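Tertiary structure, described
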Amino acid sequence: MSVKSVSVHAKWIVGKVIGTKMQKTAKVRVTRLVLDQYLLKYYNKRKTYFAHDPLEQCTVGDVVLLKALAERRAKLVTHELAEIVYKVGNVIDPLTGKQVAGSLFRETLTDSMENPAGSLTEKLQELNISAATSEILQKPSEV
Amino acid sequence: MPMKGRYPIRRTLEYLQKGDIVFKNTVKIMTVNYNTHGELSDGARKFVFFNIPQIQYKNPWVQVMMFKNLTPAPFLKFYLDDGDQVLVDAEGKDHKDISQHVKKILGKSEEVLRAEELARMVHSNPANFGPKKYCLRECMCEVEGQVPCPGLIPLPNEMRGKYKSQMKGTEV
């Protein structure tokens with residue numbers, strides 16, 4: 001009936017995807033630091049949000065940036081997927097742009113694939129030379 | 001009896017209130033990526049240990065997230081309201097350098113903070129009486145040197161209207 005304007009307090013949120021069993025929707029867990037009044041220490045407090053993901057590109061474990069929808073899409077879905085920040089298993093270091101795993105760089109397979117092609121052509125040339133030399137050797141033996 | 005933990009001073013209100021960094025209104029999310037081992041991440045680790053509680057205390061509406069051991073180099077990332085992202089490299093830097101840098105690029109300046117404080121002082125007049133949320137005092141009985149609350153200590157008879165009307169009735 002009535003259109004709800006700015007459905008949630010939080011416009012931008014970063015969270016981790018915990019479930020993708022719903023169609024075109026990702027269940028995202030968002031942690032915020034909350035101060036314990038007695039200990040005066042910050043602890044993570046979790047909250048789950050549902051985000052609209054039209055292309056179903058999230059997998060469980062991705063770190064995801066969500067944007068608040070202008071209008072609430074469904075009873076629970078209040079945000080939509082803006083960007084996948086870190087894809088699980090395929091983290092890309094924003095400083096260098098390369099693939100990374102923990103504290104090491106992953107070398108992609110494409111680099112190693114190029115060299116064998118180059119060396120193959122060289123090997124073929126070598127084979128031709130060797131074939132030619134062997135023919136020359138054989139002829140005198142035939143005769 | 002000393003406080004428990006390493007550097008328990010981090011857990012005092014005075015320490016938290018001493019935080020410098022108040023983010024501009026456009027900053028919504030702050031993300032810190034750092035490693036648990038390694039010398040390069042040392043500054044970032046100290047930043048998380050010492051400065052993050054101060055930042056979160058001063059900016060309660062900014063979401064702060066920490067990620068450990070995802071990338072080889074430590075960095076900070078800020079997500080602003082218009083969709084912009086700010087990347088701050090923290091490799092090899094000292095935690096004081098990081099916090100000063102962040103304050104310079106995304107923190108409110110001293111003048112803005114002073115102006116906001118003045119505006120807040122002007123808005124709330126300490127001479128007003130009202131609910132605790134808006135004013136300092138609710139009733140005159142709370143002030144030292146004034147008549148105490150008749151709910152706790154009965155007023156002397158000269159100040160009670162009931163007694164005065166009774167006296168008037170009996171006299172006349």
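The paragraphs below set out a description of the structure included in this document. (Residues numbered from 1 in each chain as written. Chains lettered and ligands numbered in written order. Predicted model: local features only at pLDDT ≥ 70, side-chain atom pairs only at ≥ 80, totals over all residues. Heavy atoms only, no water.)

Quick word on the overall build of chain B
- If you tally the helices and strands in chain B, you get 5 helices and 4 strands.
- Across chain B, helices and strands are ordered from the amino to the carboxyl terminus as α-β-α-β-β-β-α-α-α.
- The globule rule puts the C-alpha radius of gyration for 172 residues at 16 Å, and the 27 Å found for chain B is more than 25% above it.
- With the principal axes as the frame, chain B shows a C-alpha extent of 95 × 45 × 25 Å.
- Accessible area of chain B: about 11,500 Å², with a carbon and sulfur share of 56%.
- For chain B, the centre of its 26 positive side-chain charges and the centre of its 20 negative side-chain charges are spaced 5 Å apart. (Helix = DSSP H or I, 4+ residues; strand = E, 2+ residues; numbered from the N terminus. Rg over C-alpha atoms; globule rule 2.2 N^0.38 Å. Areas by Shrake-Rupley, 256 points an atom, 1.4 Å probe, with all protein chains shown as cover. Lys, Arg positive; Asp, Glu negative; His and termini not counted. Charge placed at Lys NZ, Arg CZ, Asp CG, Glu CD.)

Notes on the packing of helix H2 (residues 42-58) of chain B against helix H3 (residues 95-106) of chain B
Residue and element names in this part refer to chain B.
- Running from N to C, H2 and H3 cross one another at 70 degrees; their axes reach a closest spacing of 8 Å. Judged on the interaxial angle alone, H3 and H2 are roughly perpendicular. Between H2 and H3 lies a crossing whose hand is right-handed. Contacts between H2 and H3 pair Gly 43, Ala 44, Lys 46, Phe 47, Phe 50 and Asn 51 from the former with His 95, Ile 98 and Ser 99 from the latter.
- Each residue belonging to the contact of H2 with H3 can be placed in one class, and the counts come to 4 nonpolar, 4 polar and 1 charged. (Axes fitted to C-alpha atoms, helices over the stretch in contact; angles between N-to-C directions. Parallel < 35°, antiparallel > 145°, perpendicular 65-115°, else oblique. Left-handed = near helix turned anticlockwise from the far one by under 90°. Contact = heavy atoms within 4.5 Å. Nonpolar A, V, L, I, M, F, W, Y, C, P; charged D, E, K, R; others polar.)

Observations concerning the layout of surface pockets
- For the largest pocket, the calculated volume is near 980 Å³.
- Lining the largest pocket are 33 residues, with Leu33(A), Tyr34(B), Val48(B), Met66(B) and Lys68(B) positioned closest to its centre.
- Where the lining of the largest pocket is concerned, the elements lending two or more residues are strand E1 (12-19), strand E2 (25-35) and strand E3 (42-52) of chain A together with H2 and strand E2 (63-68) of chain B.
- Looking at the lining of the largest pocket, the element that brings in the most residues is H2(B), giving 8 residues.
- When its residues are assigned to classes, the lining of the largest pocket shows 17 nonpolar, 4 polar and 12 charged.
- Volume-wise, the second largest pocket comes out at about 770 Å³.
- Surrounding the second largest pocket, 31 residues form its lining, Arg32(A), Pro60(B), Trp61(B), Val62(B) and Gln63(B) being those nearest its centre.
- If you list the elements that add at least two residues to the lining of the second largest pocket, you get E2 and E3 of chain A together with strand E1 (27-34), H2 and E2 of chain B. (1 Å grid on protein atoms, 1.4 Å probe; cavity = no way out; pocket = protein on both sides within 12 Å on 5 of 7 lines; lining within 4 Å. Points joined across faces, edges and corners; volume = space filled by probe spheres on them.)

Side note on the state of the cysteines
Residue and element names in this part refer to chain B.
- In the structure shown here, the tally under the stated rule is 0 disulfides over all chains.
- Unpaired in terms of disulfides, Cys 135 finds its nearest cysteine sulfur in Cys 139, a separation of 13 Å.
- By relative accessible area, which is 16% here, Cys 135 ends up buried.
- Residue Cys 149 stays outside any disulfide, its sulfur separated by 4.0 Å from that of Cys 141, the closest cysteine. (Disulfide = S-S within 2.5 Å. Buried < 20%, exposed > 50% of the residue type's maximum accessible area, 1.4 Å probe, protein only.)

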